[in-house]
Amino acid sequence: MHHALLISEVSREICGVTDPSSLPAVARTCRALHDPALDELWRDLYSISPFVHLLAEDIPGENQQTSIHSLTSQQWMTFREYSARTRSLYMCMIDDLPYFDRFPCLSNPPDPNSFFPNLRTIAWYPDNHLTMLPFLRLLCGPALTSLSAEFATDPASLAVVRALGILCPKITDISISASSETLSDDLANALSTSIGHWKDLKHVSCDDLTVSALEHLTQARNLESLTACASARLSSFSQTLGAQELSFPRLQHLHLYTGLLSTTTACLGGLRLALKEFRLDLFDAEEVFSGLSCLRDLFTTLAEACLHACLARLYLCVIHPDFPSPNSVVTIRDIRPLFSFAHLRVVSVEGLSTFTVDDDDIAEMASAWPDIEELALSTCVDHPVASMPTFLSFIRLIRSCPKLRALSLVIDTTQLVIPPFDTVGRDVRSDVLEELCLGNSPITLPLTVAHVLHKLYPALKQVDLSVWNKEPLNRLFRRDRYEVYWGTVNIELQNLRGERRETTVE
């Protein structure tokens, strides 16, 4: 045995890069590698089945499906030897049904404090919540720092949620959701009790939060990210805050989801934030496409609530089952309030299939966001009602946004009004942009489009066509024609890149 293996850092580094399937064999090679290999093998588990299999090996007799109700002292010692090595447990289902009847025997350890003494992270989403609930309670020990779980609203589940603050006083990351789609006041109240015990929260994700929980989070000195429903509670709470001080001093990431834009606007109304990232998932697009100013009101309020110099990433996802009414249009006026955030690097607006902009609008946008790196405005446009930019917008983006590396925008490629080709590709080009999605952009001359794109973006390998497998493009009329044309563009782009490489070699 080489002396280097006696250095624990070396042996653990070796085991850390070893294929998991080989770790049992490594553990048997020598004493120096025994513990490091087993530590690595049992560190992160995606089921508790390995422990059930471990106990099954100690069950006498030929019938391995015999039910056991208690463990011997020797079996508990074996269990603790391995459970002490586990740092994270991701429990999503019971995948060993023949051994399922052995789980109850683990629910009565002689010393609950030594059950999983070094467990730090739990993700808990089993199919049978109630049966496994006592086991979860045992897993929630004082060493736990991260818990992601789904709970029902029965009394037993609520009791566990209410006790989490005492069982796991060191929690920093918490993500709790209801097993049903309906938000539960009982679950929010139970979680609020536990949140009051956690002083070092960094990441919080919950369906809903009570006013007392929100008040506690405003005092959390380390809170960096918050994900929650834009509920009436959050709205009423925000109106009580003073506008002079930051509402959540260190909050950098805010993710809200809602069915109503107006509720989200009300939630932001009384807040004062220094966000780096803001996300909003909207599950009902009726307000956006109603012809009202709900979207503009939201962005105006966001611009008033957030410090302009801080926000770097903004995501809006509008989820709607059908194409919107042809009478509804989202224009540049609706997003113009966002132009006050001059340091935005990522802007992603998904689901606005009647988002109407032209070349002048894109020029204004490019001027407002000179540091933009990722810009996603549309992948599908209802052509009869929407005006579209042309290749001129690409040229203006190249000149004003030199860092832009990913772009998603529907343009009218049939309008080839561009500067002479001797300037395109020489004076006007971007070697940075490598990701381009053009959705259902109108196209009639795919070879010409490929040549223009290659001159503008020499590093571009292909146009992203994956959006055609998602709604609403997967239901679009005459989809096959679009896919053939854009497939031809990609083939020609590959040919042009090959010719360029050959020319460079020569």
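Residues numbered from 1 in each chain as written. Predicted model: local features only at pLDDT ≥ 70, side-chain atom pairs only at ≥ 80, totals over all residues. Heavy atoms only, no water.

K.L.:
Honestly, the environment of R137 in this entry has me stumped. Any pointers?
P.N.:
Relative to the helices and strands, R137 resides in helix α6 (residues 129–139). Between the alpha carbons of R137 and P112 there is a distance of 9.9 Å; along the sequence they are 25 residues apart. (Helix = DSSP H or I, 4+ residues; strand = E, 2+ residues; numbered from the N terminus.)

K.L.:
So what exactly am I meant to see when it comes to the pairing of strand β10 (residues 313–318) here?
P.N.:
A regular strand places its side chains so that they alternate between the two faces of the sheet. Among the 6 residues in β10, 5 count as buried, and that is most of the element. Across 6 bridges, strand β9 (residues 277–282) lies against β10 in parallel orientation. Within β10, the residue paired with E277 across the bridge is R313. Two elements, β10 and strand β12 (residues 346–350), share 5 bridges in a ladder whose sense is parallel. The residue of β12 that forms the bridge with C317 is E350. (Buried < 20%, exposed > 50% of the residue type's maximum accessible area, 1.4 Å probe, protein only. Pairing = 2+ DSSP bridges.)

K.L.:
Got a minute to help me understand helix α7 (residues 155–167) in this structure?
P.N.:
Side chains of residues three or four places apart in an α-helix project in the same direction, reflecting 3.6 residues per turn. Compared with the 18 Å implied by 1.5 Å per residue over 13 residues, the 18 Å span of α7 between its first and last C-alpha is a close match. Along its length, α7 shows its largest kink, about 25 degrees, at V161. In this structure, the buried side of α7 is in contact with α6, β4 (146–151) and α8 (185–195). The opening residue of α7, the one whose side-chain oxygen lies 3.2 Å from the backbone nitrogen of A156, is D154. (Expected span 1.5 Å × (residues − 1). Bend = angle between axes of the 7 residues up to and from the residue. Contact = heavy atoms within 4.5 Å. Polar contact = N/O pair within 3.5 Å; in protein donor to acceptor, adjacent residues only side chain to side chain.)

K.L.:
Any chance you could explain the environment of W124 here in plain terms?
P.N.:
Among the secondary structure elements, W124 is positioned in strand β3 (residues 121–124). You can call W124 buried: its relative accessible area is 1%. For the pair W124 and E150, spaced 26 residues apart in the sequence, the C-alpha separation amounts to 6.6 Å.

K.L.:
What should I look at first to understand the nonpolar core in this one?
P.N.:
In a soluble, globular protein the nonpolar side chains are often hidden away together inside. Counting 140 residues, the largest nonpolar core has F278, W369, L375, F394, L407 and L453 as the members making the most contacts within it. Every residue in contact with W369, bar those within four places of it in the chain, is listed here: L338, F339, F341, A342, L344, V347, L375 and C401. (Core = buried A, V, L, I, M, F, W, Y, C linked by side-chain atoms within 4.5 Å.)

K.L.:
Before we go on, may I ask you to explain α8 in this structure?
P.N.:
For α8, the full list of buried residues reads L187, A188, A190, L191, S192, S194 and I195. Next to the buried residues of α8 lie β4, α7, β5 (173–178), β6 (203–206), α9 (211–218) and α10 (232–238).

K.L.:
What's the story with the side chain of S148 in this structure? I'm lost.
P.N.:
Within the secondary structure, S148 is located in strand β4. In terms of polar contacts, S148 uses its side chain to reach the side chain of Y125, at 2.5 Å. For S148, the contacting residues outside a window of four places in its chain are I122, A123, W124, Y125 and S175.

K.L.:
For this particular structure, what's the right way to read the pairing of β3?
P.N.:
Alignment of strand β2 (residues 88–91) against β3, held across 4 bridges, turns out to be parallel. Bridge pairing in β3 links M91 to W124. In the sheet, β3 pairs with β4 via 4 bridges, with the strands oriented parallel. Each residue of the ladder has a partner; that of W124, found in β4, is A149. In this view, the connection linking β3 to its parallel neighbour β4 by way of α6 has right-handed handedness. (Right-handed = clockwise from strand over helix to strand, strands pointing away.)

K.L.:
It is not clear to me how the confidence of the model for the chain should be interpreted in this structure. Could you clarify?
P.N.:
Predicted coordinates in areas of low pLDDT are best not read in detail. Residue-level pLDDT values for the chain average 83, and 83% of them are 70 or greater. Contacts of residues 59–67 to residues separated by more than four positions or lying in other chains number 13 contacts, the stretch itself having pLDDT below 50. (pLDDT = per-residue confidence, 0-100.)

K.L.:
How should the packing of helix α11 (residues 261–269) against helix α12 (residues 294–305) be read in this particular structure?
P.N.:
Close contact between α11 and α12 brings their axes to 9 Å; oriented N to C, the two are set at 15 degrees. Put simply, α11 runs roughly parallel to α12. For the element pair α11 and α12, the recorded crossing hand is left-handed. Residues L261, T264, T265, L268 and G269 of α11 form the contact with α12, whose own contacting residues are C294, L295, D297, L298, T301, L302 and A305. Its residues placed into classes, the contact of α11 with α12 shows 7 nonpolar, 4 polar and 1 charged. (Axes fitted to C-alpha atoms, helices over the stretch in contact; angles between N-to-C directions. Parallel < 35°, antiparallel > 145°, perpendicular 65-115°, else oblique. Left-handed = near helix turned anticlockwise from the far one by under 90°. Nonpolar A, V, L, I, M, F, W, Y, C, P; charged D, E, K, R; others polar.)

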